[in-house]
Amino acid sequence: MFESLTCLNISHNKLSGGIPEAEEIGNLHLRYLLDLSSNSFSGSLPLNLAKLIMLEILNVSHNQLSGNIPSTFYSMVSLVRIDFSYNNLTGPIPTGGIFQKKLPHNAFIGNSGLCGEIEGLTPCTSGPKNSKEKILVVVLFFFFG
């Protein structure tokens, strides 16, 4: 039905709820743009958006999205521009694909829970280092406490 659709721009509306799953958007043959920005979408980013491997621009900014950016998004090899800014996203940004390129920090601004090796983001802390520090504190407490 929408085989020739190359762009989908539904930005600046008052849409709310979750972003439709892959059955609705992920199976489209979008090749240029998916712009869902400036709505009131909430919930997590659907994993199957990564099926849009021909997509060049993805903009989900200025919503109320939460959770992490799915690691499967690195497989969207045609992406040249992304914008995840001003949501409630958390966790490390994916590595690989567009995420390994030098990205503008404003693509992630306004998500205080995101971390990564991109300018403007807090570096992610590694689990083992924190665990070792906690063990050291416990050991010191037993010896000196």
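Residues numbered from 1 in each chain as written. Predicted model: local features only at pLDDT ≥ 70, side-chain atom pairs only at ≥ 80, totals over all residues. Heavy atoms only, no water.

- Labelled according to an unreviewed UniProt entry, the protein appears under the name non-specific serine/threonine protein kinase, originating from Rosa chinensis.
- The Sequence similarities (unreviewed entry) comment attached to the protein in UniProt states, word for word, "Belongs to the RLP family."
- The Subcellular location (unreviewed entry) comment attached to the protein in UniProt states, word for word, "Membrane". (UniProt positions renumbered as here; feature names shortened; annotations may be inferred.)

**Considerations on the state of the cysteines**
Two cysteines whose sulfur atoms are joined by a covalent bond form what is called a disulfide.
And then number 1: Inspection of every chain in the model, using the stated rule, returns one disulfide.
And then number 2: The partner cysteine of Cys115 in its disulfide is Cys124, sulfur to sulfur 2.0 Å. Here the disulfide of Cys115 and Cys124 is right-handed, its torsion about the S-S bond being about 100°. (Disulfide = S-S within 2.5 Å.)

**Overview of unusual backbone geometry**
And then number 1: Despite not being glycine, His12 shows a phi value in the positive range, around 55°.
And then number 2: Looking at the element boundaries, His12 is found in the loop between strand E1 (7-9) and strand E2 (16-17).
And then number 3: You can call His12 exposed: its relative accessible area is 60%.
And then number 4: Unlike most non-glycine residues, His62 shows phi in positive territory, near 55°.
And then number 5: Relative to the assigned elements, His62 resides in the loop between strand E5 (57-59) and strand E6 (64-67).
And then number 6: Overall, the relative accessible area of 40% leaves His62 in the partly exposed class. (Helix = DSSP H or I, 4+ residues; strand = E, 2+ residues; numbered from the N terminus. Buried < 20%, exposed > 50% of the residue type's maximum accessible area, 1.4 Å probe, protein only.)

**Structural notes on the pairing of strand E4 (residues 40-43)**
And then number 1: Where E2 meets E4, two bridges bridge the pair, whose relative direction is parallel. What sits directly across from Ser16, in E4, is Ser40.
And then number 2: Looking at chain direction, E4 and E6 are connected through two bridges and run parallel. Considered in E6, the bridge of Gly43 is made with Leu65. (Pairing = 2+ DSSP bridges.)

**Topic: the sheet that holds strand E7 (residues 81-83)**
And then number 1: Taken together, the four strands give an open sheet; going across it, the order is E1-E3-E5-E7, and neighbouring strands pair in parallel fashion. Of all the strands in the sheet, just E1 and E7 have a single pairing partner and so form its edges. Taken over all neighbouring pairs, the strand axes of this sheet differ in orientation by 10° on average, direction set aside.
And then number 2: Pairing of strand E3 (residues 33-35) with E5, which is carried by three bridges, proceeds in the parallel orientation. Opposite Asp35, over in E5, you have Asn59 as the bridge partner. (Axes fitted to C-alpha atoms, helices over the stretch in contact; angles between N-to-C directions.)

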